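Structural overview for review
Residues per chain, in single letters:
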Amino acid sequence: MKSLKLLGLSAIVAVTALTGCKPKGTETAVSGDAAQKVYVAPGKYDEFYNFVSGGFNGQVNVYGLPSGRLLKVLPVFSVNPENGYGYSEETKPMLETSHGFIPWDDQHHLSLSQTNAEVDGRWLFANANNTPRVARIDLKTFKTVEILELPNSAGNHSSPFLTENTEYVVAGTRFAVPTDDANGDVPIDSFKENFKGVLSFIGIDQQTGGMDLSFQIEAPGINFDLSHAGKKKSGDWFFFSCYNSEKANTLLEVNASQNDKDFIMAVNWKKAAELVKAGKGRKVTTEYAHNKWDESTHSATSTMKKEVVVLSVEDMKDAMFMIPCPKSPHGCDVDPTGEYIIGSGKLAALIPVFSFDKMIKAIADKNFAGEYDGVQVIKYEAALHGEVQKPGLGPLHTEFDGKGNAYTSMFVSSEVVKWNIKDLKVLDRQPTFYSVGHLMIPGGDSGKPFGKYLVAYNKITKDRYLPTGPELAQSAQLYDISGDKMKLLLDFPTFGEPHYAQALPGDMISKNQVKFFKIADNKHPYATKGEAESKVVREGNKVHVYMTSIRSHFAPDNIEGIRVGDEVYFHVTNLEQDWDVPHGFAIKGNQNAELLIMPGETCTLKWVPKKPGMYPMYCTDFCSALHQEMQGYVRVSPA
Ligand code: CUK
Ligand code: CUA
């Protein structure tokens, strides 16, 4: 009976998501001056960069706000033939893992680096869900410069959220897994004994941004969904939403929705770090890749790491607690003061708001309701600040405007709801078209939100754009939140499936941009620093072509002496020393996409010709009036 009722609920969820809740009409929702507010005149810059996760396209997409213009598809976890990411010899190591080269992933969440709980514009971190990894993007070059694989993890969803001075980037596993990857070969029905939730703490070098898997915490075998760090007063803590406290391993739709409450787990990361420093934790043998981009050689390297320190529930007994949270919490968000922790129970008809001060008091008073797998559970009422009543259906994620208001996305009732954090009163609601997932306010999860705009990233598009067959572009919607009531300003299509996003004022990073790489600093082993040095060198069946490109020719541009089966490496150095003058390089019949070489950079394309013949090569990026003349030939003779 109970499960029937629950099945009913999920059926309602599915049906309303697809058909119902189609609010009035678009016309009524758009205010008169909307066009003016989103208009960015030709030649003018947008006010904000908006970094949007690419979901199942594996990349990060960069938009301008308020225009919604797409500025860049930034390759992170998926190969990108457009610029050779994952195809050039230099970038291939970025996508190495302990499972070998992986050309794709599912990218959900982004975090901008912070200093004193404020966005600082240095780096952007991105998670890969499928094969657990965290990437770091350098915002001076908009390049993915580091990718760290996470062992003992699967479905790296609660990631990559960071502490207020970017001391740690934290990643929680969505799938409970046997902690020791190497010993994962156990019966699935030993789930309750053998499967654990694992939290990874990635230490960040404050100078270089370099990542290092400092330690992991082996937590109860529950699904860690999302998280956010505390800030200011709660800065030493991290909060994770957890669902499936039932520990179901089949038909979760029903079996993981039985309990009235799941949990928010609070972890004192400072104490955990001290425990590791004091020698606590056991060393687990495992394998994970650490891939780094080197800006002087313009090349990536991949190293396999073998060990990680893991703290147990017992080690963490004074530093890890659970707070009951109604029905399968998804989003877990902390307000700008650090006092309020918001859990969004997807299936709950209210939003619980927890108080950090009350939580600390409850721990001191030992106001516990019992234990969950060895972790003390704080009494719900003891940590509760209050509940937002009747906010809407299907609360998912919350962001903040820095003026004491919270904005929560409602997936099922398809709306954004604004409410006051102190008195928990609903102040405004606006429809989304349709079924919003994440929402984002620039700086909206930091200690100092920039406010002004809110973007809803919607899951269902339906009738919003000219139809494009069975699959429609996902839809983002921009709202003006500067007044008491939210105003819908703009729809814009997005790439892949956006989940979380981040935004910051344009001038925080535009002024630091690298416009080209100095050719004198190029330490690539196959760099050719002047046309006179270009050459072809044979070593057995390997042929190295030291090639240069400059408007508007390649050197050498006629190559003979290549035989079928040779491994030909075109090392192309772009000699330009000016902004926005990349050259492309492509050759007929090549198995490896193209190269797009930035000024001052060297990139390598590998080619193994299969048939004798004449093979034209050319520049793909229209670089000058004589771009079409930028071409050459490679003659391939029989082996
Ligand atoms: S999740 Cu997508 S709507 Cu992966 Cu952050 Cu909530
Ligand atoms: Cu170089 Cu076109």
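Residues numbered from 1 in each chain as written. Chains lettered and ligands numbered in written order. Predicted model: local features only at pLDDT ≥ 70, side-chain atom pairs only at ≥ 80, totals over all residues.

As annotated in an unreviewed UniProt entry, the chain is Sec-dependent nitrous-oxide reductase from Chryseobacterium manosquense. The Subcellular location (unreviewed entry) field of the UniProt record for the chain holds the comment "Cell envelope". (UniProt positions renumbered as here; feature names shortened; annotations may be inferred.)

Turning next to the site of ligand 1. In the vicinity of ligand 1, the contacting residues are His108, His109, His157, Leu226, His330, Leu396, His397, Gly437, His438, His499 and Tyr500. Of all the secondary structure elements, the ones that give two or more residues to the shell around ligand 1 are β27 (395–400) and β31 (436–440). A domain split of the shell around ligand 1 shows at least three residues from each of domain 1 (1–46 + 390–514) and domain 2 (87–221 + 281–314). (Near = placed C-beta within 6 Å. Helix = DSSP H or I, 4+ residues; strand = E, 2+ residues; numbered from the N terminus. Domains from an automatic or database assignment.)

Of note, the bond from Ser159 into Pro160 is cis; its omega dihedral lies within 30 degrees of zero at -5 degrees. Counting through the fold element by element, Pro160 comes out in strand β10 (residues 158–162). Cis rather than trans, the peptide bond between Phe433 and Tyr434 has omega equal to -10 degrees. Along the chain, the position of Tyr434 falls in the loop between β30 (426–431) and β31. The backbone of Ala593 shows a phi angle near 55 degrees, a positive value even though the residue is not glycine. Inspection of the secondary structure puts Ala593 in the loop between β41 (583–587) and β42 (595–597).

On to helix α7 (residues 356–364). Restricting attention to buried positions, one finds in α7 the residues Phe356, Met359 and Ala362. For α7, the arc enclosing every buried residue in end-on projection is 120 degrees, short of the 170-degree limit, so these residues lie on one face. Next to the buried residues of α7 lie β17 (261–268), β20 (320–326), β22 (340–345), β23 (350–355), β25 (375–378) and α8 (380–383). With its phi angle positive at about 50 degrees, Lys366 sits one or two positions after the end of α7. (Buried ≥ 20, exposed ≤ 12 C-beta atoms within 10 Å, placed from the backbone. Arc of directions from axis to C-beta. Contact = placed C-beta atoms within 7 Å.)

Let us now look at the environment of Gly221. Within the element layout of this structure, Gly221 appears in the loop between β14 (211–219) and β15 (223–229). Since 24 C-beta atoms lie within 10 Å of it, Gly221 is described here as buried. As for Gly221 and Asn558, which are separated by 337 residues in sequence, their C-alpha atoms are 62 Å apart. Contacts of Gly221, omitting those with residues within four sequence positions, involve Ala176, Lys192, Phe195, Lys196, Gly197 and Lys247.

A separate point is the sheet that holds strand β21 (residues 329–334). Sheet architecture is open: 4 strands sit in the order β21-β22-β23-β26, paired in antiparallel fashion. What marks the edges here is a single partner per strand, and that holds for β21 and β26 (384–389). The mean inter-strand angle of the sheet, taken between neighbouring strand axes irrespective of direction, is 20 degrees. Of the strands in this sheet, β22, β23 and β26 touch α7, which is tilted by about 65 degrees from β23. (Pairing = 2+ DSSP bridges. Axes fitted to C-alpha atoms, helices over the stretch in contact; angles between N-to-C directions.)

Below, the discussion takes up the sheet that holds strand β39 (residues 558–563). Pairing within the open sheet is mixed, and its 5 strands lie in the order β39-β45-β44-β41-β42. Each edge of the open sheet carries a strand with a single partner, namely β39 and β42. If you compare each strand with its neighbour and ignore which way they point, the axes differ by 20 degrees on average.

All right, on to the nonpolar core then. Of all hydrophobic cores here, the largest spans 132 residues; its most connected members are Ile264, Val267, Ile323 and Leu454. Setting aside its immediate chain neighbours within four residues, Leu454 contacts Tyr407, Val416, Leu439, Ile441, Tyr479, Ile481 and Met486. Counting 29 residues, the second largest nonpolar core, distinct from the first, contains Phe517, Phe570, Cys623 and Val636. (Core = buried A, V, L, I, M, F, W, Y, C linked by C-beta atoms within 7 Å.)

With that out of the way, let us pick up helix α6 (residues 269–277). Burial in α6 covers these residues: Trp269, Ala272 and Leu275. Seen from one end, α6 has its buried residues packed into an arc of 115 degrees, which puts them on one side. Residues of α6 that are exposed and point more than 90 degrees away from the buried face comprise Glu274 and Lys277. Residues of α6 that are buried sit in contact with β11 (168–172), β13 (195–204), β14, β16 (237–243), β17 and β19 (299–311).

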